[in-house]
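# A closer look at the structure
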Amino acid sequence: VGTILVVLKNSERSRAQLAHLAQAVGFDSGRGAALAGAEAFYSVDYHDGQDIWAAHLCELSTEPACDFYQNTVAPFLWPGFETSQTIVTAKTGKPVLIAEELASTRDNAPMQVWQVTVTLSAPWPQGNGQTSFPANVLVVQEKGGWKFERFLLKDELVKYTGGNQ
């Protein structure tokens with residue numbers, strides 16, 4: 001992998017171009033948080049237990065999301081993983097930025113919606129048998145950087161895509 005050096009003269013326009021370039025190549029955006037969050041969510045090893053799974057997800061998530069995954073999602077999903085002895089490795093890719101907004105419920109923190117491709121080594125027992133599908137991921141920027149928040153439901157996605165999904 002090579003390094004790209006961009007030199008622009010110091011002007012308002014060049015700063016805007018540099019910001020756009022940084023975002024296009026994945027710096028200063030939630031792309032990494034969207035990919036990592038989706039991968040952590042869908043990667044499951046029933047041997048680890050729900051606390052380990054939730055803790056790993058929490059490392060990548062906002063505080064409200066962490067609380068939700070630990071106290072609501074993990075207890076709901078984990079019995080099915082144990083019964084099925086689920087071991088699934090997830091890979092994510094092909095990130096596409098769908099929307100950027102300010103989160104009014106989070107003191108106008110920047111937020112982004114990314115569509116990523118998720119590929120599973122095996123289907124989830126709670127799923128419909130799919131091992132490859134698109135996921136629409138909401139990420140929020142916090143003091144420590146971009147964090148995974150949650151997946152958007154189809155009804156929510158209409159707001160960002162005009163119903164094209």
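Quick note: structure is the one above.
Residues numbered from 1 in each chain as written. Predicted model: local features only at pLDDT ≥ 70, side-chain atom pairs only at ≥ 80, totals over all residues. Heavy atoms only, no water.

### So, helix 4 (residues 63–84)
Between its terminal C-alpha atoms helix 4 stretches 30 Å, which fits the 32 Å expected from 22 residues at 1.5 Å a residue. At A74, helix 4 shows its strongest bend, of approximately 50°, with the proline P75 following within four residues. What helix 4 keeps buried is the set A65, C66, Y69, V73, A74, L77, W78 and F81. Tucked inside the fold, the buried residues of helix 4 contact helix 2 (31–42), strand 1 (44–45), helix 3 (50–60) and strand 6 (145–151). Once helix 4 ends, the next one or two residues include Q85, with phi positive near 50°. (Helix = DSSP H or I, 4+ residues; strand = E, 2+ residues; numbered from the N terminus. Expected span 1.5 Å × (residues − 1). Bend = angle between axes of the 7 residues up to and from the residue. Buried < 20%, exposed > 50% of the residue type's maximum accessible area, 1.4 Å probe, protein only. Contact = heavy atoms within 4.5 Å.)

### Some words on the sheet that holds strand 4 (residues 109–120)
Spatially, four strands are ordered 3-4-5-6 in an open sheet, and the strand pairing comes out antiparallel. Each end of this open sheet is capped by a strand with a single partner; those strands are strand 3 (90–103) and strand 6. On average, adjacent strands in this sheet sit at an angle of 30° to one another, irrespective of strand direction. The sheet contact formed by strand 3 and strand 4 spans 11 bridges and is antiparallel. Looking at strand 4, one finds that A90 is bridged to L120. (Pairing = 2+ DSSP bridges. Axes fitted to C-alpha atoms, helices over the stretch in contact; angles between N-to-C directions.)

### Quick notes on the pairing of strand 6
Here strand 6 lies mainly inside the structure; five of its seven residues are buried. In the sheet, strand 5 (residues 132–142) pairs with strand 6 via six bridges, with the strands oriented antiparallel. Counted as the bridge partner of V139 is F148 from strand 6. Counting the residues in the hairpin turn of strand 5 and strand 6 gives two residues.

### Digging into the packing of aromatic side chains
A complete count under the given rule lists 14 aromatic pairs for this structure. Aromatic pair F148 and F151: ring centres 5.4 Å apart, planes at 70°, arrangement edge-to-face. A connected cluster of aromatic rings, assembled from ring pairs, spans F41, Y42, W53, F68, Y69, W78, F81, W124, F133, F148 and F151. (Phe/Tyr/Trp six-rings, centres within 6.5 Å; stacked < 30°, edge-to-face > 60°.)

### A word on the state of the cysteines
Under the counting rule described, the total for this entry stands at one disulfide. The partner cysteine of C58 in its disulfide is C66, sulfur to sulfur 2.0 Å. The chirality of the disulfide connecting C58 with C66 is right-handed, given an S-S dihedral of about 90°. Residue classification places C58 among the buried positions, given a relative accessible area of 15%. (Disulfide = S-S within 2.5 Å.)

Note that all results are geometric; they support no functional claim without further evidence.
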